[in-house]
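Examining the three-dimensional arrangement
This is what each chain is made of:
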Amino acid sequence: MLNPSYGLKRSIALCNDLRSGVDELQSLADPAMGELRIGSTEPVMAGLLPAIIDRLSRQYPRLALHIIEGEPPELQDRHLRNHDIDLMIGRLPSSTPAADTDVEVLLHESGVVVAGLHSPWVRRRKIRLDELVNERWCLPPRESFPGGWIARAFHASGLEVPRASVTVYSILMQSALLSSERFLSFLPASMLHFSAKRLSMKVLPVEMPIQMWPVGIVALNGRTPNPAQRLLVECAREVAKPLAGKRNASPNRRN
């Protein structure tokens, strides 16, 4: 007997396939007028993805993009396989990619310590991580991916994880608290590379253990990318190229 939930998922995927087919036929005539549905994570949407879209929209101003925010497991297991999105740009799984996906690494990400532009710490030219343990921290939950990365970074330096004054996953909330000049936080290096000035943050000169994770593009294999998708992938490669060859995607300290 057919599982009802499977039947519903299959129906949704078929409807989305039909919509994708119509979009593809329209874009074949003029790829610059196509539509593309992108899934992404909050950190990438705060840095890398806006840089990609800004460049792409300047070259192809009639291209329509639809963005869905989520976590990598949800984006891949639900939205990508239901064909709600054409591709995902975000943190890649550390394990072997699923057999039904095509994966391309754009850059290797790491975390940096950040403060507000007028924090007393920004005047220092060198800071040890142990000097910051007792500061007022705004950190993501320990059980989240960034929370786990932060814990490993402190442990690798022989330190206990500092007590968070505020525990919150939202980068928007972290940014607001950092602007008060009273808090410190950890954020992805590439996000600060593209958005430090806009977010009014400064990267502190703290040496961190090299614990990196890949950021890239995930799409379902066996499906021919529509012309708009190919344009975006090419643009993403160009935008990420300055960071792709670095062992640590640290932003320019002048930001």
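Presented here is a report on the structure given in the accompanying data block. Being a predicted model, the structure only gives us computed values, none of them experimental. (Residues numbered from 1 in each chain as written. Predicted model: local features only at pLDDT ≥ 70, side-chain atom pairs only at ≥ 80, totals over all residues. Heavy atoms only, no water.)

The helix and strand tally for the protein stands at eight helices and 10 strands. Each of the 255 residues in the protein was classed as buried or not, and the buried ones make up 47%. When contacts within the protein are restricted to residue pairs at least 6 apart in sequence, those whose partners lie at least 24 apart make up 80%. Summed over its atoms, the accessible surface of the protein is roughly 13,100 Å², and 54% of this surface lies on carbon and sulfur atoms. (Helix = DSSP H or I, 4+ residues; strand = E, 2+ residues; numbered from the N terminus. Buried < 20%, exposed > 50% of the residue type's maximum accessible area, 1.4 Å probe, protein only. Contact = heavy atoms within 4.5 Å. Areas by Shrake-Rupley, 256 points an atom, 1.4 Å probe, with all protein chains shown as cover.)

The buried fraction of strand 3 (residues 87-91) is high, at five of five residues. Pairing geometry for strand 1 (residues 35-40) and strand 3, over three bridges, is parallel. Looking at the pairing, Ile 38 lines up with Leu 87 of strand 3. Relative to strand 10 (residues 213-220), strand 3 runs antiparallel, the two being bridged by four bridges. Residue Met 88 lies in a different strand from strand 10, and its bridge partner there is Val 218. (Pairing = 2+ DSSP bridges.)

What follows concerns the side chain of His 79. Within the secondary structure, His 79 sits in helix 4 (residues 72-80). Given a relative accessible area of 8%, His 79 falls into the buried group.

We now examine the pattern of salt bridges. Close approach of charged atoms allows side chains with opposite charge to pair. Scanning the entire structure with this criterion turns up 11 salt bridges. Between Arg 91 and Glu 71 there is a salt bridge whose closest N-O contact spans 3.9 Å. On the criterion of sequence distance, the pair formed by Arg 91 in strand 3 and Glu 71 in the loop between strand 2 (64-69) and helix 4 is long-range, its members being 20 residues apart. Across the pair Arg 78 and Glu 74 runs a salt bridge, and its minimum N-O distance is 3.3 Å. Of this pair, Arg 78 and Glu 74 are both found in helix 4, four residues apart, which corresponds to roughly one turn of the helix. Of the residues examined, Arg 78 reaches a relative accessible area of 46% and is grouped as partly exposed. Taken together, the salt bridges that share partners define one network made up of Arg 124, Arg 128, Asp 130 and Glu 131. (Salt bridge = Lys/Arg side-chain N within 4 Å of Asp/Glu carboxyl O.)

With that settled, the discussion passes to the side chain of Glu 42. Relative to the helices and strands, Glu 42 resides in helix 2 (residues 42-45). Buried charge without a partner: Glu 42 forms no salt bridge, and the closest opposite charge is Arg 198, 10.0 Å away. Looking at Glu 42, its side chain comes within polar contact range of the main-chain nitrogen of Ile 171, at 3.0 Å. Setting aside chain neighbours within four positions, we find Glu 42 in contact with Glu 69, Tyr 169, Ser 170, Ile 171 and Leu 172. (Lys, Arg positive; Asp, Glu negative; His and termini not counted. Polar contact = N/O pair within 3.5 Å; in protein donor to acceptor, adjacent residues only side chain to side chain.)

Aromatic rings in a pair are described by how distant their centres are and how their planes are angled relative to each other. Considering all chains together, one arrives at six aromatic pairs under this definition. Between Phe 154 and Phe 186 the ring centres are 5.7 Å apart and the planes differ by 80°, which places this aromatic pair in the edge-to-face class. Residue Phe 154 is located in helix 5 (residues 145-156), and its partner Phe 186 is located in strand 8 (residues 184-188); the two are separated by 32 residues in the primary sequence. By relative accessible area, Phe 154 is classed as buried at 0%. The exposure class assigned to Phe 186 is buried, which follows from its relative accessible area of 5%. An aromatic cluster is present here, built from Trp 137, Phe 145, Trp 149, Phe 154, Phe 186 and Trp 213 joined pairwise through their rings. Positioned over the ring face of Phe 145 is Arg 91, at 3.9 Å from the centre of the ring. A cation over a ring is seen here: Arg 136 above Phe 183, with NZ or CZ 5.8 Å from the ring centre. (Phe/Tyr/Trp six-rings, centres within 6.5 Å; stacked < 30°, edge-to-face > 60°. Lys NZ or Arg CZ within 6 Å of the ring centre and 35° of its normal.)

Before going further, it helps to spend a moment on the sheet that holds strand 3. Overall, mixed pairing links the five strands, which are arranged 2-1-3-10-4 in an open sheet. In this open sheet, the two edge strands, each paired with only one partner strand, are strand 2 and strand 4 (101-109). Neighbour-to-neighbour, the strand axes of this sheet turn through a mean angle of 20°, independent of strand direction. Bridge count for strand 1 against strand 2 is six bridges, and the pairing is parallel. Looking at strand 2, one finds that Arg 37 is bridged to His 66. Those strands touched by helix 3 (residues 48-59) are strand 1, strand 2, strand 3, strand 4 and strand 10, and its axis lies near 175° from that of strand 2. (Axes fitted to C-alpha atoms, helices over the stretch in contact; angles between N-to-C directions.)

An ideal rise of 1.5 Å per residue puts 16 Å on 12 residues; helix 3 measures up with 17 Å between its terminal C-alpha atoms. Every buried residue of helix 3 is accounted for by Leu 48, Leu 49, Ile 52 and Leu 56. Here the buried residues of helix 3 occupy an arc of 90° about the axis, which is enough to place them on one side. (Expected span 1.5 Å × (residues − 1). Arc of directions from axis to C-beta.)

Interpretation in functional terms is not warranted from these geometric data alone.
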